[in-house]
Each structure stands twice: as structure tokens, then as C-alpha cells.
Amino acid sequence: MSVTLRDIEEIKSGFDPVAARSFSLPSRFYIEPDSLEFEKRAIFHRSWQFVCHGEKLKDPGSYIAFDVQGQAIVALRDGEGALRAFYNVCRHRAHELLSGEGRTKLITCPYHAWAYTLDGRLHAVRNEERIEKFDKADFCLMPVKIEAFCDLIFINLDPDATSLKEQAGGLGGEVLSYAPDIANLTHAHRMTYTIKANWKAVVDNFLECYHCPVAHRDFCSLVEMDTYKVTTHGIYSSHMAKAGRADNSAYDVADATVQDHAVWWLWPNMSLMRYPGAGNFMVWQFIPAGPEETYEIFDFFFEKPEPSAAEMEAIRYIDEVLQQEDIGLCESVQRGMRTPAFERGRFMADPGGSGMSEHGVHHFHGLLLDAYERMAG
Ligand code: FES
Ligand SMILES: [Fe+2]
């Protein structure tokens, strides 16, 4: 279950730091189960992963349980107001502790009722005196790094990870300059999709707009493509354009206060978006569900928990038009990757950094290569 040094040499033989000279990642890394198993450890268990908007963990005792590529995790706000995250695993016999989301004062295991405080200390053990040489202090919950970033909550399973704020450089400032209202927005809608394509094919598709004039006719009437600019930085990229033309065929923007298409991709598998309309923010996650399957979660945060008619129209456009167009593209690419007719492709690189360029995809492939190398080395 590994990507070997030989595999890395193979990737490197085609990869060039200059996009116009580089080949893309070989197709077998989009197909083989071993590659995904390796990526779980090399990427998903070492990077900052989105949990929820800060509103969900505002109150003391609020918690949310979730899974990060096979690892059960719980994030919570403790009684003193600190954010905490732990493996959601009991130290007695490994049963999962909390499920779903809610509020609690104590974490009580549903198996034999060992109970933990919200700071992770083992508090009560039934018939404790019958266990010899037993010190509850040796059986605390295993902590996980957690951080609030732009009022969004993230966790990282790597105990040595540096903070997201530090890793993300200018991203926080950019997001807050386009979405200064992000902390006050509230969850209003969720859409999910299962796509028959490797998660990297879905990210590749997200990271360029070379395909937009070909595949997204309505999108190109909403967004001013000649202003579209993609900039890559460290572990994220920015995809910016002026948008909100009144005569567009995507959705009605007559009352829009936001006139931008401001989109960021954050390593490895999420994007943050602000679209034309009323105050809004969207978080989109691309979660591997198998070597050739991706589960997408698309959360909308609006000024009110009930989407307005105009917001519903935008949601419908994204769900019924834009997403369907992209899902078709990704699934076709995945089928193509399984044939001997494709091994690795090239990048269209515009030195001006426009949306017609694929340098954002090349940037992603460079980060993949770095992550593979770090783990294999
Ligand atoms: S496994 Fe949790 S109390 Fe037994
Ligand atoms: Fe697309």
C-alpha cells in the first residue's frame, strides 16, 4: 500500500516546475487503490481539513463528530470556551464516543459508560477499583489539532502540523477582504454529490477555466471571462473575476450586492467561494469515497437560514446546470484515464495567468508530488 521511490521518479521524469514544459500526473495514480491508501496517510491525515462554520461550535459543550478518511474525530467547544478536537475513540476498548452533533457536558461512552470531561480527561470508570495499577490520567482522549480560520473550523491529524494561519499565508486576508461578513453568515443549504471519478480529477477540473467557454455557456454569461485571473500561492490558489452581468443566462442578479466571482482552492480538497448575489459564502469539499469515486459536499452560508427566492435560483443553477456539466466532464475523464490511450497530458499555460490557463492544475500537481515525496522519503 505505497507509492514507492520508483513511482516518484516516474512522476518527476515528466513534471517540470514550469507548467508549459510539464506533463500532468500519470493516470494510474487516478485509478489504483494503492495510490488512494497512500494519499490518505500522505495527504489527508497531514493537512488541514474543514469541519464546519464556527457557528456550529459557538456554545460551550457543542460538538460535531465526523470522519477524516477512516479516522473518527470529534470537535467541540469545552466548558471554558476553548476549541478542542480528539480522536472519537474510547480508551477502554475503542468504541466510538459521540455521534452526529449536539451539546453535552460529559463524553460518555455508549459501550461501558467510561466518561470523559470536555478537555479529554478520563473522569469516571465503573468499578474502577477492580483494575489493578490503574491511573485514569494515563487514559485521556487522544488530542487532534484544531483551529478557527476566517471563522471556519479546521482540524489536522498531524501532531506536528504548523498552524493553518501560518501555512495559508495571505489566504485569510483575501477571504476576509471579499467576505468581511463571513462570521455573521449562517448555514442555509447543503447539496451532496457522488461522482464516479478520482478526487484529483475533480480538483483538476475545478482549478482551471480553460474549459469554461466550451462547457459552461451560462457561467460565461455571468462571469466576465476577460477579467478572470488565477494566481497560485503556497497551499492555495485564487480564481478571481468580475461578475454579475444583468443580462446573464445563469441566474437573476438584479439585487446583487456582491459583484465578484471570488474563489479560492485550499490544499488538498476544498474550495471557498463568494458568488454574485446577496452576502454569501460557499464551502465545497471533494472527499475521496474510493479510488474512482468522490463525495462532494457543497454548503451555502447566507444572511438568513432560509434562502431567498433569488438565492434559491442561484442554488438551482449551480445544482442543475453547472454541477451537472462538471460532473459529466469529470466522469468522462475518469473513463478515459482507464484506457491505454491516455497516460499523461500537458498543461495549457498562459503567462498572463488568465482563466484560459491551467497553471492552477499544474500547481496542484506540484503539491501532490511534494506530499508523495515527503511521505515516501
Ligand atoms: S469501550 Fe468505551 S467504555 Fe468500554
Ligand atoms: Fe467547470
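Here is what the cut-offs are and how they apply
- Residues numbered from 1 in each chain as written.
- Chains lettered and ligands numbered in written order.
- Predicted model: local features only at pLDDT ≥ 70, side-chain atom pairs only at ≥ 80, totals over all residues.
- Core = buried A, V, L, I, M, F, W, Y, C linked by C-beta atoms within 7 Å.
- Buried ≥ 20, exposed ≤ 12 C-beta atoms within 10 Å, placed from the backbone.
- Helix = DSSP H or I, 4+ residues; strand = E, 2+ residues; numbered from the N terminus.
- Domains from an automatic or database assignment.
- Contact = placed C-beta atoms within 7 Å.
- Pairing = 2+ DSSP bridges.
- Axes fitted to C-alpha atoms, helices over the stretch in contact; angles between N-to-C directions.
- Parallel < 35°, antiparallel > 145°, perpendicular 65-115°, else oblique.
- Left-handed = near helix turned anticlockwise from the far one by under 90°.
- Nonpolar A, V, L, I, M, F, W, Y, C, P; charged D, E, K, R; others polar.

Undergrad: Sorry, what's going on with the nonpolar core here?
TA: Grouped burial of nonpolar side chains is what soluble globular proteins tend to show. Val74, Ala75, Val202 and Leu266 are the most contacted members of the largest nonpolar core, which has 97 residues in total. It is strand 16 (residues 280–290) that contributes the most residues to this core, 6 residues altogether. Per-domain counts for this core show at least three residues from each of domain 1 (49–160) and domain 2 (169–371). Among residues more than four places away in sequence, those in contact with valine 74 are Tyr63, Ala65, Ala85, Phe86, Asn88, Leu97 and Leu98.

Undergrad: Honestly, the sheet that holds strand 7 (residues 115–116) in this entry has me stumped. Any pointers?
TA: In any sheet, the strands associate via hydrogen bonds between backbone groups, in a parallel or an antiparallel arrangement. Taken in spatial order, the 3 strands line up as 6-7-8 in an open sheet, and their pairing is antiparallel. For this open sheet the edge positions go to strand 6 (107–108) and strand 8 (122–124), each flanked by a neighbour on one side alone. By the bridge criterion, 2 bridges tie strand 7 to strand 8 in an arrangement that is antiparallel. Along strand 8, the bridge assignment pairs alanine 115 with alanine 124.

Undergrad: Would you mind going over helix 2 (residues 33–44) with me for this structure?
TA: An α-helix turns once per 3.6 residues; consequently, residues spaced three or four apart project the same way. Within helix 2 the residues assigned to the buried category are Ser35, Leu36, Phe38, Glu39, Ala42, Ile43 and Phe44. Where helix 2 is buried, its residues meet strand 1 (49–53), strand 2 (62–68), strand 16 and helix 9 (359–376).

Undergrad: Is there a simple way to explain the packing of helix 1 (residues 5–14) against helix 9 in this structure?
TA: Pairs of packed helices are described in terms of their axes, by the angle between the two and the distance that separates them. Look at helix 1 against helix 9: their axes get within 10 Å of each other, and the N-to-C directions meet at 155°. Viewed along their axes, helix 1 and helix 9 adopt a mutual orientation that is roughly antiparallel. Crossing of helix 1 over helix 9 shows left-handed handedness. Counted together, Leu5, Ile8, Ile11 and Lys12 of helix 1 and Leu369, Tyr372, Glu373 and Ala376 of helix 9 form the full contact between these two elements. Of the residues assigned to the contact of helix 1 with helix 9, the class counts are 6 nonpolar, no polar and 2 charged.

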